[in-house]
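Take a look at the letters that make up each chain.
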Amino acid sequence: QVQLAESGGGLVQVGGSLRLSCAGSEPTFRTYAMGWFRQAPGKEREFVSAISWSGAYTYYADSVKGRFTISRDNGNNTVYLQMNSVKPEDTGVYYCAGYRQKQIVVSLTTASYDSWGQGTQVTVSS
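Quick caveat: nothing in here was measured; it's all calculated off a predicted structure. (Residues numbered from 1 in each chain as written. Predicted model: local features only at pLDDT ≥ 70, side-chain atom pairs only at ≥ 80, totals over all residues. Heavy atoms only, no water.)

K.L.:
How would you explain the environment of asparagine 84 if you had to name every residue and give the values?
P.N.:
Note on placement: asparagine 84 falls in the loop between β8 (78-83) and β9 (92-100). Along the sequence, asparagine 84 and serine 115 sit 31 residues apart, while their C-alpha atoms lie 26 Å from each other. Residue contacts for asparagine 84: discarding those within four places in its chain leaves Gly16, Ser17, Arg67 and Phe68. There is a polar contact of 2.9 Å between the side chain of asparagine 84 and the side chain of glutamine 82. (Helix = DSSP H or I, 4+ residues; strand = E, 2+ residues; numbered from the N terminus. Contact = heavy atoms within 4.5 Å. Polar contact = N/O pair within 3.5 Å; in protein donor to acceptor, adjacent residues only side chain to side chain.)

K.L.:
Describe the pattern of salt bridges, listing the residues and the values that go with them.
P.N.:
The full count for this structure, using the stated rule, is 4 salt bridges. A salt bridge links lysine 65 to aspartate 62; its shortest N-O distance comes to 3.2 Å. No difference in accessibility class separates lysine 65 from aspartate 62, as the two residues are exposed. The salt bridge partner of arginine 67 is aspartate 90, with a shortest N-O separation of 2.8 Å. Of this pair, arginine 67 sits in the loop between β6 (58-60) and β7 (68-73) while aspartate 90 sits in the loop between β8 and β9; the two residues are 23 residues apart in sequence, bridging distant segments of the chain. Taking the relative accessible area as the measure of exposure, arginine 67 reaches 11% and is therefore buried. Look at the salt bridges and you will find they share partners, linking Arg38, Glu46, Arg67 and Asp90 into a network. (Salt bridge = Lys/Arg side-chain N within 4 Å of Asp/Glu carboxyl O. Buried < 20%, exposed > 50% of the residue type's maximum accessible area, 1.4 Å probe, protein only.)

Right, here's the structure in full:
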């Protein structure tokens, strides 16, 4: 497993932007599929976005498609989530997660991910 650490969360106004970062601890990070998940108070953790180990394939929840962009820099062991046009329903704790990718299709379910960061709070104010 690789250790992950998120940063970049905070308070942002509706319609604003925020960029989350997730740094991996080891070079093996580049073999990992990476995902972003979020959890709002009283709700279950949900999928937000994912990216294949090479960065060639990206996936988004319908709720963020067209507003969020996931990317990665394997040279720096980092994955990013650019959040634009944020809405109050984007509020929650955002977690990055990863697993060693062995198949072409990236999993979008939490159970497939075995490395998790501690989470970073994103609050969207109206």
